[in-house]
Every structure is written in structure tokens, then in C-alpha cells.
Amino acid sequence: MDDLQEDVHTFHFEQPVPIPAYLLALAVGELASKDLSPRCKIWSEPCILKAAADEFHQTELFLQTAEEITSMPYVWTRYDLLVLPGSFPYGGMENPCLTFVTPTLLAGDGSLVCVVAHEIAHSWTGNLVTNKTWGHFWLNEGWTTWLQRRIMNKIENIPHNMDLDAIGGALALEQDIELLDESMTRLVLKLDDGDPDESYSRVAYEKGFHLLYALERLVGEDTFLELVAAYLKKFAYKTVTSDEFRDFCKTFWKDANPQAHEKVMAFDWDTWLMGTGMPPMPSFNRKLAEAAETLAQAWVHFDQEVMRPIGLSDQFDMEPPKMSIDDWTSAQKICFLDALLKLLQDDGRGNPMKLQLSTLEQMQTMYGFQKTQNAEILFRYCMLAIQSEDSTIYPTVKRFITTQGRMKYIRPLYRAMLASSTGRELAVETFLKYKDFYHPIASKMIAHDIMTTRREPKKGILGKIKNMVIGSDRHSTSVYIGVTATFVTLGAMIMSRSRK
């Protein structure tokens, strides 16, 4: 830093390791920092520094574990984390040396730090070996999801925990595929001149993960790790396409392991890379999921018994399920809520089912989901309550979607409110009031969701939204909001590509 005058400073920095252009980022603001290890530091606004340092204290362990799995050292010298303001629209952004993360990870108990493991994994898969074009985005995100789950599985050392996480990921993939145009459900996308933002989904992450997991299960974990290390070494500091990855796999074991080579040659590459819809699912070990799924079924059964006419049920003798979930992990609680939402997704006539308000009230009394600091759990409970037309949830939902702008949460919640009979007007009015709080990409996509819903909002509101949209029509997926394309946070310009 050179002092040019008393209140003006010039900062110099050097990045000796080559990086892809989209990974360049700059952040300026009132920031404080704390060392987590000799090569790791946490940066944030001073008021949340202690909470952030406590939450992410395992960062060095994540790095060491990734180095062990990949058989390759971390090449970027430093790994620092910056906690951004709540409006940051993604879980994280893997800028080399300084990962950006959302404050929604600050659950108070470290239960959401898998996102940090994901961003660390990008140091090898994405930053070091990079997809050649966004049409091969899965080579960044599928590999990174695989490595993230390997890191967490090794650190947590809970049997079958990787399968539990993959079960949740498969459900999220299924939900995204139901919403996407069929052409956008392939791993290798033909984007042409299209906007990559509009193809962004869980497909690259989860379908990509399952291709790699299928290969791992095909040849065995130890054998697959040999390929991982060789792949990273061969393509380090380079870009790669799906064809190049496939060809590498087909030749890697040709002489060293004929049995693995034969299996990989018989692998259905064309279907995996170019096929649409859900991929083949493995036989997951469901031991950790079974208790959560059984409890969800018990709650739905209880709710249905309460609905039955007097004389046809034992409703006066029935009590809600009494199973305690106090000792469950956050992942198991998320699995329970996911199972509930899946059981209620279709009443047989194409409409979602609702829980009785009395059932939700008893569930809330027992589990306290509405008061949790875990954003993943709160998000799912809000979705369940909105679907059940529980108007008492709206103050919580409004606070949640106006204090953070992570698209993983706010877009589904806005869509759920728009689809409900009681929340549509609130959704539109909230968006109009807080649209400038959100990242421009988030505002664009929420406006698109509002414009393409079937029921019309209150007279006059649609016109306000139309006035915000430039060069769009009601059914176009190219909706541009008349706001700046530059993300300004902490009183500074932060440049990043669209992310998680």
C-alpha cells in the first residue's frame, strides 16, 4: 500500500497462479479479519467476525482433507473466506484465495459448512481444471459436488452420511427437472447465444455428481481415486470438454487395469451426457433416511385421521407422533421435511396437498422449526406452511426473504406464495418494495416468475412490474430488469459470475 495523500491509498496485489478470467473478484468495505490457520483467514464486517470465525473454524481441516483425497497439494497458497452482505444471491463463489460466502451459512452450530467444503473443492475442480464453455458446466459442478461429499464424509465419519446427502440432492434434482425445459436437463448443454443464467439448475451439480458416483461404484472407490488424481494432474491449468473427459476415462485403465477399462468402455456415456430427464439412481443406503421418512409418514397419517369425519376415525384418541428429533443431525431434519413435502406434492389430481393448521401448530410446538437459525430447515418449513395456507407463517417468510437474497431460498418461496390463495398479493408487494435489495440477477428471475404465473395479481401491480421489464414478453425467459448489472456491496463493487 502506498500513501499518495492522507486520505487516498493505492493497494497492489499479485496473483502468481494463473486463473480463469471469470474468477477475478474485488471486494472493498469496512472489513475485519481473524486467522483460522497459517494459510486461512476469515473476513467480514466487524459485527459478525466472531460468529463467522466460530462457524468456519474447520476450514483448514477441509483443505487438508481435500489434499488427501485428490493426492494433490492446494496450489493457491492462501485460502481466505469473505462473508458478504445478505443480498448475495448464491451460497458461495470460489474466487481463488478469497471465497465469497453468504451469511445464511451462519447457523450457529456449523451445520451448513458443507458449502465451504464445496467452495474449497472448487480449488481443484473448477479453478484448477475448468470447463471449456458453460455448456460443459457440469465438469465444474458435478466434480465439485462429488469432492465436497467426499470431504464431508471423511470428516464427519458418519456411516452412510454421503448417501443421505445424495438422497436430498436427488430430490432437489427431480424438482428442478420438473420445472425445466427438457433440453436443459442434459449434462452437455447447447447454449448457443442463450443466457447461461437461464440454464442454471441442480442438473450440473446432481446429475454430474451421479455420473461420477456411478463410475466410482462401477470400478470401486480406490480405483476411481486413481483416476481422480490423474485427471487433475493431466488437465491442471487447462480447460476441458465432456468429450475430452470421456476419452480420458476410456484410455486411463487400458493397460494398467483391463477389468476397469472394460467396465468404463461399456458405460453408457451417450445417455449420461446427452440424455434428458433424471439419471439412473443407485440403490442408496437409506439407514439414516429411514427414520426421517417414517416420521414424515406418521405425521401425514395423523393429519389424515384428524380430517376424517367423527365416527370414521379414532381422532379423539389420536395423538401426534411423539418421536424426539433433538439428537438428529440437521441433515436428518432436512430429510424429514423433504419427505413431508414429497408426500404432500400430489393429491392424485395434480394439486399439492395441505396439512391441517392444527397439525402444523403441533409440529411447531414439538420441533420449533419456525425459530431455527438453520436456513435450510427454515426454508423447508416455510414452504410446507405456505403450501398448507398457514397465514401465520407470512411474517416469518417476509423477514426471511427480505433479510437475505440467496436465490436457492427466495425464488421457491416467492413461487410458493404466488401459487397460494393467500400469499400472492404479499409476494408481489414485497418484491416491488425490496427489488433493489436483491442482486440484479435475482430481481430478474423473480420478476420472470411473477410475470409467468397464471393468476393475475391485484389490478395495477402487474403494470408496475411490466414497467420494470425491458424488452420482454409475458412468456419469454429473457427478462431484463432495468437495474445496474454491477453488484455493489459493502460500499464497493464486487464482480462475480452467476453462481450457487
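The present account deals with the structure reproduced in this document. (Residues numbered from 1 in each chain as written. Predicted model: local features only at pLDDT ≥ 70, side-chain atom pairs only at ≥ 80, totals over all residues. Heavy atoms only, no water.)

### A look at the overall build of the protein
For step 1, the next point in the chain: Broken down by element type, the protein carries 19 helices and 13 strands.
For step 2, the next point in the chain: Within the protein, the proportion of its 500 residues that are buried is 53%.
For step 3, the next point in the chain: Taking the contacts inside the protein whose residues are at least 6 apart along the sequence as the reference set, 69% of them involve residues at least 24 apart.
For step 4, the next point in the chain: Roughly 23300 Å² of accessible area belongs to the protein as shown, and the carbon and sulfur atoms make up 52% of that amount. (Helix = DSSP H or I, 4+ residues; strand = E, 2+ residues; numbered from the N terminus. Buried < 20%, exposed > 50% of the residue type's maximum accessible area, 1.4 Å probe, protein only. Contact = heavy atoms within 4.5 Å. Areas by Shrake-Rupley, 256 points an atom, 1.4 Å probe, with all protein chains shown as cover.)

### Things to note about the packing of helix 14 (residues 375-387) against helix 15 (residues 394-403)
For step 1, the next point in the chain: Where helix 14 contacts helix 15, the axes come no closer than 10 Å and their chain directions differ by 135°. With respect to helix 15, the element helix 14 is oriented oblique. You can see that helix 14 and helix 15 cross each other, and the crossing is left-handed. Between helix 14 and helix 15, the contacting residues are A375, L378, F379, C382 and I386 on the first element and Y394, T396, V397 and F400 on the second.
For step 2, the next point in the chain: Class assignment for the residues of the contact of helix 14 with helix 15 results in eight nonpolar, one polar and no charged. (Axes fitted to C-alpha atoms, helices over the stretch in contact; angles between N-to-C directions. Parallel < 35°, antiparallel > 145°, perpendicular 65-115°, else oblique. Left-handed = near helix turned anticlockwise from the far one by under 90°. Nonpolar A, V, L, I, M, F, W, Y, C, P; charged D, E, K, R; others polar.)

### Describing the pairing of strand 3 (residues 32-37)
For step 1, the next point in the chain: Of the strand pairs in this sheet, strand 3 and strand 4 (residues 40-44) are connected by five bridges, and their pairing is antiparallel. Among the inter-strand pairings, K34 is bridged to a residue of strand 4, identified as I42.
For step 2, the next point in the chain: Hairpin connection between strand 3 and strand 4: a loop of two residues separates the two successive antiparallel strands. (Pairing = 2+ DSSP bridges.)

### With respect to the packing of aromatic side chains
For step 1, the next point in the chain: Per the stated rule, a full pass over the model turns up 36 aromatic pairs.
For step 2, the next point in the chain: Here W146 and F224 contribute two aromatic rings whose centre-to-centre distance is 5.5 Å and whose plane-to-plane angle is 75°, an arrangement assigned as edge-to-face. Of the two residues, W146 sits in helix 4 (residues 138-156) while F224 sits in helix 7 (residues 221-235), which places them 78 residues apart along the sequence. For the pair shown, W146 and F224 are each scored as buried.
For step 3, the next point in the chain: Ring geometry for F235 versus F248: centroids 5.9 Å apart, planes at 75°, classification edge-to-face. Placement of the pair is F235 in helix 7 and F248 in helix 8 (residues 242-252), with a sequence separation of 13 residues. Each member of the pair, F235 as well as F248, is classed as buried.
For step 4, the next point in the chain: A cation over an aromatic ring shows up here: R149 above the ring of F209, its NZ or CZ 4.5 Å from the ring centre.
For step 5, the next point in the chain: Over the face of the ring belonging to Y213 we find R217, whose NZ or CZ atom lies 5.2 Å from the ring centre. (Phe/Tyr/Trp six-rings, centres within 6.5 Å; stacked < 30°, edge-to-face > 60°. Lys NZ or Arg CZ within 6 Å of the ring centre and 35° of its normal.)

### Quick word on the pattern of salt bridges
For step 1, the next point in the chain: Throughout the structure, instances matching the rule amount to 21 salt bridges.
For step 2, the next point in the chain: Note that R415 and D449 form a salt bridge whose closest N and O atoms lie 3.6 Å from each other. You can see R415 sitting in helix 16 (residues 407-419) and its partner D449 sitting in helix 18 (residues 440-451), a full 34 residues away along the chain.
For step 3, the next point in the chain: Under the relative-accessibility criterion, D449 is labelled buried at 6%.
For step 4, the next point in the chain: Among the ionic contacts, a cluster of salt bridges with common partners joins R149, D165, R202 and E206. (Salt bridge = Lys/Arg side-chain N within 4 Å of Asp/Glu carboxyl O.)

### Let's talk about the nonpolar core
For step 1, the next point in the chain: In this structure, F56, L211, F245 and F336 are the most contacted members of the largest nonpolar core, which totals 142 residues.
For step 2, the next point in the chain: Counting residues per element, this core draws most heavily on helix 14, which supplies ten residues.
For step 3, the next point in the chain: Excluding anything up to four places from it in sequence, F56 contacts L36, I42, L81, V83, V101, L105, L106, V113 and V116. (Core = buried A, V, L, I, M, F, W, Y, C linked by side-chain atoms within 4.5 Å.)

### Regarding the layout of surface pockets
For step 1, the next point in the chain: In this structure, the second largest pocket spans a volume of roughly 1000 Å³.
For step 2, the next point in the chain: Taken together, 28 residues line the second largest pocket, and the ones lying closest to its centre are F13, A25, L26, A27 and L98.
For step 3, the next point in the chain: Among the elements of the structure, strand 4 and strand 5 (79-83) are those that each provide at least two residues to the lining of the second largest pocket.
For step 4, the next point in the chain: Tallied by class, residues from the lining of the second largest pocket come to 19 nonpolar, five polar and four charged. (1 Å grid on protein atoms, 1.4 Å probe; cavity = no way out; pocket = protein on both sides within 12 Å on 5 of 7 lines; lining within 4 Å. Points joined across faces, edges and corners; volume = space filled by probe spheres on them.)

### A closer look at the environment of G91
For step 1, the next point in the chain: Position of G91 among the secondary structure elements: in the loop between strand 5 and strand 6 (92-93).
For step 2, the next point in the chain: The exposure class assigned to G91 is buried, which follows from its relative accessible area of 1%.
For step 3, the next point in the chain: A C-alpha to C-alpha distance of 9.7 Å links G91 and H118, two positions 27 residues apart in sequence.

### Focus: the sheet that holds strand 5
For step 1, the next point in the chain: Strand order in the open sheet formed by five strands is 3-4-5-7-6, with mixed pairing between adjacent strands. Of all strands in the sheet, those bounded by a partner on one side alone are strand 3 and strand 6.
For step 2, the next point in the chain: Sheet topology note: the strand 5/strand 7 (residues 98-101) ladder contains four bridges and is parallel. In the strand pairing of strand 7, D80 is matched with L98.
For step 3, the next point in the chain: This element, helix 3 (residues 114-121), spans strand 5, strand 6 and strand 7 of the sheet and lies at about 135° to strand 5.

### Some details on the pairing of strand 7
Side-chain positions along a regular strand alternate between the two faces of the sheet.
For step 1, the next point in the chain: Strand direction decides the pairing type here: strand 6 and strand 7, joined by two bridges, are antiparallel. In the strand pairing of strand 7, G92 is matched with V101.
For step 2, the next point in the chain: Hairpin connection, strand 6 to strand 7: the antiparallel pair is bridged by four residues, and C97 has positive phi, about 75°.

### What about helix 3?
For step 1, the next point in the chain: Burial analysis of helix 3 places seven of its eight residues in the buried class, which makes it a mostly covered element.
For step 2, the next point in the chain: Every buried residue of helix 3 is accounted for by V115, V116, A117, H118, E119, I120 and A121.
For step 3, the next point in the chain: Among the structural elements, helix 2 (59-70), strand 5, strand 6, strand 7, helix 4 and helix 6 (203-219) are those in contact with the buried residues of helix 3.

### Examining the environment of T133
For step 1, the next point in the chain: Tracing the backbone shows T133 in the loop between strand 8 (129-131) and helix 4.
For step 2, the next point in the chain: Accessibility expressed as a relative area gives 42% for T133, which makes it partly exposed.
For step 3, the next point in the chain: Here the alpha-carbon distance between T133 and L191, two residues 58 residues apart in the chain, equals 9.5 Å.

### Considering helix 5 (residues 161-179)
For step 1, the next point in the chain: The end-to-end C-alpha distance of helix 5 is 28 Å, a good match for the 27 Å that 19 residues give at a rise of 1.5 Å each.
For step 2, the next point in the chain: Taken as a whole, helix 5 has its buried residues at N161, M162, D163, L164, A166, I167, G169, A170, L171, L173 and I177.
For step 3, the next point in the chain: Elements that come into contact with the buried residues of helix 5 comprise helix 4, helix 6, helix 11 (287-307) and helix 12 (330-343). (Expected span 1.5 Å × (residues − 1).)

Geometry only, nothing functional implied.
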